[in-house]
Amino acid sequence: MLSKEEVKELRVNFWKGFKRYCGREKINRHWVLTGVKIKSVQLKFFADTRKALVLFQIDHKNSLRRYEIYECFLSYRKLMAEDCGEDLKWEEDYEGIDDRPVSAVYFELPGVSINRMEDWERIYAFFAEKMILLEEAYWEYRDLINERIKMSRN
C-alpha cells in the first residue's frame, strides 16, 4: 500500500512522463481541456488504479440541466461515431470519476493502473490518440452544440 505522499509523487511523475511522451512523439499540442467554450463541459484525461479515460465530462450542478446538455451532445452521436469510431461510449449518469455523477462521452482503456509504471506508455499512447479524436470532434461540433444548448433553454 502506498502512502499519501507516495501516491502524490507517483501522480506528479505520471503527468511529467506524459509531457515527455508528447515531446518524444512530436505531439506538439496545446490540449483544449478546460478551454472548452461549452458551459459545464470539460475535455479531460483521467487515470486511476483500474482504467484510463479520455472524455467530455458534463458536470453541471443541476442534474436536469446536465441531462439537457448531454442530450445536445447525444444528438450528434452518429456523426461523432463516424469521426471518432464506434468505441466512443455515452453515459448519462457516469460515476467513475471523483465519486459524483457526471454525464460523459468517453473512450476507456480498462485494466491499466496509474500506480503501475509499466502501464504508463500504454496510457500515454491512448491519451494522445483518443484526445486528438475528441478535440477534432469538439472543433467540428462546438458551435452546433452551443446553439442547440441555447435553444434548449427557451
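### Observations concerning the overall build of the protein chain
Regarding its fold elements, the protein chain presents four helices and four strands. Along the protein chain, helices and strands appear, N-terminal first, in the series α-β-β-α-α-β-β-α. Relative to a compact globule of 154 residues, whose C-alpha radius of gyration would be 15 Å, the protein chain shows 16 Å and is just as compact. With the C-alpha coordinates of the protein chain rotated into their principal frame, the extents come out at 50 × 35 × 25 Å. Buried positions account for 45% of the 154 residues belonging to the protein chain. Sequence-distant contacts in the protein chain: of pairs separated by 6 or more residues, those separated by 24 or more amount to 63%. Of the accessible surface of the protein chain, which amounts to about 9100 Å², a share of 50% is contributed by carbon and sulfur atoms. Each charge class in the protein chain can be summarised by its mean position, and for the 28 positive and 28 negative side chains these summaries are 5 Å apart.

### Considerations on the pairing of strand β2 (residues 51–58)
Counting buried positions along β2 yields eight of eight residues, so the element is predominantly enclosed. Residues Lys-51, Leu-53, Leu-55 and Gln-57 point to one face of β2 and Ala-52, Val-54, Phe-56 and Ile-58 to the other, with burial holding for every one of them. Bridge analysis of β2 against strand β4 (residues 102–110) gives eight bridges, and the strand direction is antiparallel. Each bridged residue has a counterpart across the sheet, and for Leu-55 the counterpart in β4 is Tyr-106.

### Digging into the environment of Gly-17
Locating Gly-17 in the fold gives a position in helix α1 (residues 4–24). For the pair Gly-17 and Glu-121, spaced 104 residues apart in sequence, the C-alpha separation works out to 8.8 Å.

### Looking at the nonpolar core
Counting 45 residues, the largest nonpolar core has Phe-56, Phe-73 and Phe-127 as the members making the most contacts within it. Put simply, the parts of the chain that give this core at least two residues each are α1, β1 (41–47), β2, α2 (63–74), α3 (77–84), β4 and α4 (120–153). If sequence neighbours within four positions are ignored, Phe-127 has contacts with Phe-14, Trp-15, Phe-18, Phe-45, Phe-46, Ala-47, Ala-52, Leu-53 and Val-54. The next biggest cluster of nonpolar side chains, apart from the first, holds eight residues, and it includes Leu-53, Leu-55, Ala-104 and Tyr-106.

### Focus on the pattern of salt bridges
By the definition in use, this model includes 13 salt bridges. For Arg-24, the salt bridge is made with Glu-25, and the minimal N-O distance between the two is 3.8 Å. Among the residues examined, Glu-25 registers a relative accessible area of 41% and is labelled partly exposed. The partner of Lys-89 in a salt bridge is Glu-108, and the shortest N-O contact between them spans 3.1 Å. Taken together, the residues span a long stretch of sequence, with Lys-89 in strand β3 (residues 89–94) and Glu-108 in strand β4 at a distance of 19 residues. The class of Glu-108 is partly exposed, set by a relative accessible area of 26%.

What counts as what
Residues numbered from 1 in each chain as written. Predicted model: local features only at pLDDT ≥ 70, side-chain atom pairs only at ≥ 80, totals over all residues. Heavy atoms only, no water. Helix = DSSP H or I, 4+ residues; strand = E, 2+ residues; numbered from the N terminus. Rg over C-alpha atoms; globule rule 2.2 N^0.38 Å. Buried < 20%, exposed > 50% of the residue type's maximum accessible area, 1.4 Å probe, protein only. Contact = heavy atoms within 4.5 Å. Areas by Shrake-Rupley, 256 points an atom, 1.4 Å probe, with all protein chains shown as cover. Lys, Arg positive; Asp, Glu negative; His and termini not counted. Charge placed at Lys NZ, Arg CZ, Asp CG, Glu CD. Pairing = 2+ DSSP bridges. Core = buried A, V, L, I, M, F, W, Y, C linked by side-chain atoms within 4.5 Å. Salt bridge = Lys/Arg side-chain N within 4 Å of Asp/Glu carboxyl O.

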